[in-house]
Amino acid sequence: MADRRTFNVVILGVGFLFIFTAFTTCGNVEQTVVKSLENSTFTGSGYHSLGIIYGVFSFSNLLAPMFVTVIGPKITMFLSGLLYSGYIAVFIVPSTWSFYLTSALIGIGAAMLWTAQGHFLVENSEASTINRNTGMFWALLQLHFHQAIYFNLPVSDSSRRNIFLSLLVISILGTLSFLVLRKSHHEEEMLSEEEGQSLLSTLKLPAATECPPCSAGLELSFYSGVYGTCIGATTQFGEAAKGLIGISGIVVGIGEIVGGGLFGLLCKNSRFRRTSVVFLGMVVHFVAFYLIFLNIPDDAPIVFETTTLKKPYLTPSVSIALLCSFLLGLGDSCFNTQLYSILGHVYAEESTPAFSIFKFIQSVCAAAAFFYSGYIMLMWQLLLMVILGFTGTLCFFVVERMQNFSVDIQEF
């Protein structure tokens, strides 16, 4: 039985690996690709597309638990994967209306996908294996950064079509892998629509849990879309700047994999370690933000037609830029592995609505961040992430302390 659950976790991670290899490549380069399109009728914005995705994602999370409980996590993830593939296909023959329409559809798909993923992961875990399984899934998922396509931009229309056809095939393979998932022995019977809605309405997360996903949402938007664009817009990197976008994504993935391995696979389920890992993640991100502040021009996020005009405090260094990419990935894995671990531990019996609420808060913040990223100087974006990162870490400590206190009372 343990082998079947482990098999499910591995296949789950592999499916997400393929889908997000394709989707994250789109997210990292789509603003740059959009700017280089040789099509005067296309007026879409990569930032606005990502903002729509996370905006729709936010509110779709309110319905996702009911959907997952009615049709089950396996079919939900399969259908969601099809929506991801549709979004990627738009870049083969891009048009503004289809670009924004599929952005909205993938927002719906993302809510269903991540809610089903959280439910399925907890369903195939026990208290003694949740940290291991979370780390295993996270390490496999984050390999998608390591597999990210590296190419110099701008690209010709024919090259772009070939690239996104390849990404479409990868996404479809990941979607099909969900059909291989097996039912776990203790899988509960599907709930009716009324039961699913009742379960969502009765679950209440501690108020303090609202801060960590909000911080994670802002940082998600930054490392997955904004930072790569900033590197690509930095004048001092010259002709290599566009190619560094893909390399940065790969290095972020290496940081995610290292963090997932160290803090998920190698650490036993320990509350002390959870708080320690989250604190380490905060420190690592603060170091990365400070180095980015010194190394990247302040106007990098807001230039669209040209490269940066402002000069940073240091002469921009590729080595420092890629070090920051690694630190962003490492810090993000610190937060996410432990957030998944504590949610799976505390809400083992109500995992579907718990992960849905978590993703709702995270995606609202990510959507807001994508919309303002193209208008606010880099310095202020970094400052906001520092403030929310610190607040989120304190909130995590409060929730962990509340859980410890609750366990102590039960044991007494």
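Residues numbered from 1 in each chain as written. Predicted model: local features only at pLDDT ≥ 70, side-chain atom pairs only at ≥ 80, totals over all residues. Heavy atoms only, no water.

As annotated in an unreviewed UniProt entry, the chain is Major facilitator superfamily domain containing 11 from Amphilophus citrinellus. Recorded in UniProt for the chain, the comment headed Subcellular location (unreviewed entry) runs: "Membrane". Word for word, the UniProt comment on the chain under Sequence similarities (unreviewed entry) is "Belongs to the unc-93 family." (UniProt positions renumbered as here; feature names shortened; annotations may be inferred.)

Moving on, we come to helix α5 (residues 96–123). For α5, spanning 28 residues, the distance from its first C-alpha to its last is 40 Å, which sits close to the expected 40 Å at 1.5 Å a residue. The element α5 is extensively covered by neighbouring structure, given that 21 of its 28 residues are classed as buried. (Helix = DSSP H or I, 4+ residues; strand = E, 2+ residues; numbered from the N terminus. Expected span 1.5 Å × (residues − 1). Buried < 20%, exposed > 50% of the residue type's maximum accessible area, 1.4 Å probe, protein only.)

This part takes up the packing of aromatic side chains. How two aromatic rings sit relative to each other is given by the distance of their centres and the angle of their planes. Enumeration according to the criterion identifies 17 aromatic pairs in this entry. With a centroid separation of 5.2 Å and 80° between ring planes, the pair formed by Phe-23 and Tyr-84 is classed as edge-to-face. Here Phe-23, found in helix α1 (residues 2–36), pairs with Tyr-84, found in helix α4 (residues 73–89); they are 61 residues apart in sequence, far enough to count as distant. Exposure remark for Phe-23: the relative accessible area of 9% places this residue in the buried category. Take Tyr-84: its relative accessible area is 3%, and that puts it in the buried class. An aromatic cluster of three or more residues is present, and its members are Phe-16, Phe-20, Phe-23, Tyr-84, Tyr-87, Phe-91, Phe-99, Tyr-100, Trp-114, Phe-137, Phe-164 and Phe-178. Cation over ring: Arg-182 sits above Phe-7, and NZ or CZ is 4.2 Å from the ring centre. (Phe/Tyr/Trp six-rings, centres within 6.5 Å; stacked < 30°, edge-to-face > 60°. Lys NZ or Arg CZ within 6 Å of the ring centre and 35° of its normal.)

Moving on, we come to the nonpolar core. One recurring pattern in soluble globular proteins: nonpolar side chains tend to sit buried together. One finds Phe-16 and Trp-114 to be the most contacted residues of the largest nonpolar core, which totals 93 residues. Both of domain 1 (1–181) and domain 2 (208–411) provide at least three residues apiece to this core. Residue contacts for Trp-114: discarding those within four places in its chain leaves Phe-16, Phe-20, Phe-57, Tyr-84, Phe-137, Leu-141, Tyr-340 and Lys-359. (Core = buried A, V, L, I, M, F, W, Y, C linked by side-chain atoms within 4.5 Å. Domains from an automatic or database assignment. Contact = heavy atoms within 4.5 Å.)

This part is about the packing of α4 against helix α7 (residues 157–177). Put simply, α4 and α7 touch, their axes get as near as 9 Å, and they point 180° apart. Looking at the two axes, α4 sits roughly antiparallel to α7. Only Phe-164, Leu-167, Leu-168, Ser-171, Ile-172, Thr-175 and Leu-176 of α7 make contact with α4, whose side of the interface consists of Phe-78, Gly-81, Leu-82, Tyr-84, Ser-85, Ile-88 and Ala-89. Its residues placed into classes, the contact of α4 with α7 shows ten nonpolar, four polar and no charged. (Axes fitted to C-alpha atoms, helices over the stretch in contact; angles between N-to-C directions. Parallel < 35°, antiparallel > 145°, perpendicular 65-115°, else oblique. Nonpolar A, V, L, I, M, F, W, Y, C, P; charged D, E, K, R; others polar.)

Our focus in this paragraph is α4. Over its 17 residues, α4 extends 24 Å from the first C-alpha to the last, a length consistent with the 24 Å expected when each residue adds 1.5 Å. The set of residues buried in α4 consists of Pro-73, Thr-76, Met-77, Phe-78, Ser-80, Gly-81, Tyr-84, Ser-85, Tyr-87 and Ile-88.

For Glu-219, the position within the fold is in helix α9 (residues 211–233). A relative accessible area of 3% places Glu-219 in the buried class. For the pair Glu-219 and Val-386, spaced 167 residues apart in the sequence, the C-alpha separation amounts to 9.8 Å. Discounting chain neighbours no more than four positions away, the residues touching Glu-219 are His-285, Phe-289, Phe-335, Met-385 and Gly-389.

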